[in-house]
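Architecture at a glance
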Amino acid sequence: MTPSCQVDNAMSETSLSALAAQLAARQVSSRELAQQYLDRIAALNPSLNAFITVDAGRTLAEAAAADALIASGNAGPLAGVPIAHKDIFCTDGWLTTCGSKMLSNFIAPYDAHVIQRFKAAGMPSLGKTNMDEFAMGSSNETSYFGAVKNPWDMTRVPGGSSGGAAACVAARMAPAATGTDTGGSIRQPAAFTGITGLKPTYGLVSRYGMIAFASSLDQAGPMAPSAEDCALLLNVMTGFDPNDSTSLERDKEDYARDLQKPLSGLRVGLPKEFFATGLNNEVAAAVDAAVAELKKLGATTVEISLANSKLAIPVYYVLAPAEASSNLSRFDGVRYGHRAPEYADLNDMYSKTRAQGFGAEVKRRIMIGAYVLSHGYYDAYYLQAQKIRRLIADDFNEAFKACDVILGPTAPGTAFKLGEKSDDPVEMYLNDLYTIPANLAGLPGMSLPCGFDRQGLPIGLQLVGNYFSEAKMLNVAHQYQCVTDWHARQPEGL
Amino acid sequence: MSLSPDDVKRIARLARIEIDDAQSQATQGQLNTIFDLIATMQAVDTRGIAPMAHAQEVYQRLREDAVTESDRHAAFQAIAPAVENGLYLVPKVIE
């Protein structure tokens, strides 16, 4: 198993490596472990709303199978450790809603590749987590199944779109969870709830069976308390899949291999654009303190520029809706999901089904996409956005000549109040200012806890690495977590 | 650029989303705010820049022309809103 910190900082007994060790030593069975988490879910979910579907019978059956796998001696390193899955992953026999009324009756007839991987690893599913509808949102408030509450302050959002995943890990209702990230949907909720989350290089994790939002940007990744946990989960999730045409054929990597490496000589790039106006002072101070901590560990810093990153939001709100308008055209009431009860003809059936099945934000984005792709506007919007996308990616390529990893805040502020931004789409979009550039470039990005503001809300630190440098990023994050305990803090009173 | 209520209705029709007058009024304001944000990219000189459609320069893989799927007809139609004799039912489109 992975070695833990050289410096012991009260790493939780519920780290994945600790749970795996207890299972391997037969101190606990997978069934007992799953039951403990199910009990906690039963106690906390009514107030947090982090799960859309919980099915104790299925979970315990999967846990019993994991116990048999462990007894057979053929188990992988995480066998028996339970995990929660974002409700965007098709899961055979489970309700798979994507947070939408459109799929509120959809029982998936097959497993997404990510689900297949976790099943093969012997990791039982604790249920399907709540999310913004079709992953379109930064607060989890667009879910048809209601908002998720932030475990650190129930009057605040957990971030989005993987808000249920983030909240369930933060409240220790699951030792880990899967998430997906199109413009920050793993990293921003991780930041808002004080956990660690990683969006891998585009193409490392198969998108097969992951309900598509913007296919050139969507990428699944792990969410858990620590970087070490994320490394172990990444070992399970990544790998070539012929069912995804953009899946990359690469040699298998151990993402935990460099966790213990010292950071001496590490060059940390600080993009000046990420520390400019608009950044909350307390967030800036916490990020500065994290930089100082990394310097103590031997890192050096260099100022870099991502000059075109300020255009990332407008570019994203052309490209992502354009891809979404195409992807979501499949929801027409013919083959699965919601169909309007009454209609006059076929076109009326489509239009009523989609008007009833989609929420306001999803409709807005489909309409933006339909418009920017329509005749006469394609060059001015879609093509222009794709050209600026290249400028943004080129900025990163240039920056990585001078540094090994880029560091900045994950989000401009901490968790905001429920309802605070839900009436103003543009205000909501600005939350993803620092996370979207990595999606556009296809680079790996992660968020890890680096402090709290005066209201006791977690602050997230973002690392962006070069293509395929996940092991390096996890090394940096793990070494930081060996000398800090922000990631080990838990909300009180739950 | 500013969208009119008629523009909004035209887009909604393109997207196959039914919308009434009150909704198109509300949507018009929101979409215009979003397009104001998007308009900031129009000032950028992108002459000579190749569009980037994708993060990785990958080629389209080919595979053997062989059947790889099993017949899951029944499982897939079990979740359909309306089927009959193995066919998906929709309102009549040809008289």
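Residues numbered from 1 in each chain as written. Chains lettered and ligands numbered in written order. Predicted model: local features only at pLDDT ≥ 70, side-chain atom pairs only at ≥ 80, totals over all residues.

Thoughts on the overall build of chain B
Where we set the bar: Numbering of helices and strands runs from the N terminus; a helix is a DSSP stretch of H or I covering at least four residues, while a strand is a stretch of E covering at least two. Only the C-alpha atoms count toward the radius of gyration. The rule for a globule is 2.2 Å times the residue count to the power 0.38. Any residue surrounded by 20 or more other C-beta atoms within 10 Å of its C-beta is treated as buried, while 12 or fewer makes it exposed and the intermediate range makes it partly exposed; C-beta atoms here are placed from the backbone.
Helix and strand content of chain B: 3 helices and 2 strands. A compact globule built from 95 residues would reach a C-alpha radius of gyration of about 12 Å, whereas chain B, at 23 Å, exceeds it by more than 25%. Reported as C-alpha extents along the three principal axes, the dimensions of chain B are approximately 55 × 45 × 25 Å. Looking at chain B residue by residue over its 95 residues, the buried ones come to 16%.

A look at the overall build of chain A
Our working definition: By the convention adopted here, residues make contact when the C-beta atoms placed from their backbones lie within 7 Å.
Counting its regular elements, chain A contains 15 helices and 11 strands. A compact globule built from 494 residues would reach a C-alpha radius of gyration of about 23 Å, and chain A, at 21 Å, matches this within 12%. On the principal axes, the C-alpha backbone points of chain A span a range of 70 × 55 × 45 Å. Counting contacts in chain A only where the partners sit at least 6 residues apart, residues at least 24 apart contribute 76% of the total.

Focus on the packing of helix α2 (residues 30–48) of chain A against helix α3 (residues 56–72) of chain A
In a pair of packed helices, the angle between the axes and the distance between the axes together describe the arrangement. All names here are of chain A. Rules: The convention used is that axes are lines fitted to C-alpha atoms, helices contributing only their stretch in contact, and that angles between N-to-C directions extend from 0 to 180 degrees. Angle categories are assigned with fixed cut-offs, so that under 35 degrees is roughly parallel, over 145 is roughly antiparallel, 65 to 115 is roughly perpendicular, and the rest are oblique. In this scheme the crossing of two helices becomes right-handed for a clockwise turn of the near helix relative to the far one and left-handed for an anticlockwise turn of less than a right angle. Each residue gets one label: Ala, Val, Leu, Ile, Met, Phe, Trp, Tyr, Cys and Pro are nonpolar, Asp, Glu, Lys and Arg are charged, and the others, such as Gly, are polar.
One can describe the packing of α2 onto α3 by two numbers: an axis separation of 7 Å at closest approach and a directional angle of 150°. Overall, the two elements α2 and α3 adopt an arrangement that is roughly antiparallel. For the element pair α2 and α3, the recorded crossing hand is right-handed. Packed against α2, whose contacting residues are S30, R31, A34, Q35 and L38, the element α3 presents A56, T59, L60, A63, A64, A66, D67 and I70 at the interface. Residue composition of the contact of α2 with α3, grouped by class: 8 nonpolar, 3 polar and 2 charged.

So, the nonpolar core
Residues and elements named next belong to chain A. As a reminder, the rule being used: As used throughout, a nonpolar core is a set of buried Ala, Val, Leu, Ile, Met, Phe, Trp, Tyr and Cys residues joined through C-beta atoms within 7 Å of each other.
Counting residues in each nonpolar core, the largest one holds 172 residues, and the members touching the most others are C168, V169, A174, M223, V315 and V318. Considering each element in turn, this core owes the most residues, 10 residues, to helix α9 (residues 312–327). Discounting residues that sit within four places of it in the chain, M223 has contacts with S162, A165, A166, V169, A176, A177, G179, I186, A190, I195 and G197.

A closer look at the pairing of strand β4 (residues 177–181) of chain A
Within a regular beta strand, the side chains point alternately toward one face of the sheet and then the other, so they alternate between its two faces. All names here are of chain A. Here is the rule we go by: The criterion for strand pairing is that DSSP finds at least two bridges linking the strands in question.
Judged by how many residues are buried, β4 sits mostly within the fold: 5 of 5 residues are covered. Bridge analysis of β4 against strand β6 (residues 219–224) gives 5 bridges, and the strand direction is antiparallel. Bridging across to β6, A177 finds its partner in M223.

Some words on helix α5 (residues 163–170) of chain A
Most of α5(A) sits inside the fold, with 8 of its 8 residues counted as buried. Listing the buried residues of α5(A) in full gives A:G163, A:G164, A:A165, A:A166, A:A167, A:C168, A:V169 and A:A170.

What about the environment of A:G298?
Residues and elements named next belong to chain A. Structurally, the position occupied by G298 is in the loop between α8 (281–296) and β8 (300–304). Separated by 129 residues in sequence, G298 and V169 have C-alpha atoms that sit 31 Å apart. Contacts of G298, omitting those with residues within four sequence positions, involve P262, L263, S264, G265 and L266.

So, helix α1 (residues 16–24) of chain A
All names here are of chain A. In plain terms, the rule: Note that the arc is defined by the directions from the helix axis to the C-beta atoms.
Residues L16, S17, L19, A20 and L23 constitute the buried set of α1. Down the axis of α1, the smallest arc covering the buried residues is 160°, so these residues share one side. Buried-residue contacts for α1 involve α2, α3, β6 and α7 (227–237). Downstream of α1 by one or two residues, R26 has phi in the positive range, about 60°.

What about the interface of chain A and chain B?
Taken together, the contacts link 54 residues of chain A with 42 residues of chain B. Mapped onto the side of chain A that touches chain B, the elements with two or more residues apiece are α9, α10 (346–357), α11 (360–372), α12 (378–399) and α13 (425–429) of chain A. Counting residues per element, the side of chain A that touches chain B draws most heavily on α12(A), which supplies 11 residues. Residue composition of the side of chain A that touches chain B, by class: 33 nonpolar, 11 polar and 10 charged.

Some points on the packing of helix α1 (residues 5–14) of chain B against helix α2 (residues 21–39) of chain B
All names here are of chain B. Look at α1 against α2: their axes get within 9 Å of each other, and the N-to-C directions meet at 95°. It follows that α1 is roughly perpendicular to α2 by the angle criterion. On the side of α1, the interface is formed by P5, V8, K9 and A12, while α2 contributes S24, Q25, T27, Q28 and L31. For the contact of α1 with α2, the per-class residue count stands at 4 nonpolar, 4 polar and 1 charged.

A few points about the environment of B:E95
Tracing the chain through its elements places B:E95 in the segment after β2 (87–88). For the pair B:E95 and B:A15, spaced 80 residues apart in the sequence, the C-alpha separation amounts to 25 Å.

Observations regarding unusual backbone geometry
Here the amide bond leading from A:G160 into A:S161 is cis, since omega sits at 10°, within 30 degrees of zero. Even without glycine at this site, A:C98 takes up a positive phi of about 55°. Its place among the elements puts A:C98 in the loop between β2 (83–86) and α4 (113–120). Despite not being glycine, B:R16 shows a phi value in the positive range, around 55°. Residue placement: B:R16 occurs in the loop between α1 and α2. Since 20 C-beta atoms lie within 10 Å of it, B:R16 is described here as buried.

Section: the confidence of the model for chain B
In low-pLDDT segments, the atomic positions of the prediction should not be examined closely. What counts, and what does not: Values of pLDDT, which run from 0 to 100, indicate the predictor's confidence residue by residue.
With 99% of its residues at a pLDDT of 70 or more, chain B has an overall mean of 92. Both scores are given for the predicted complex: the pTM is 0.97, the ipTM 0.95.

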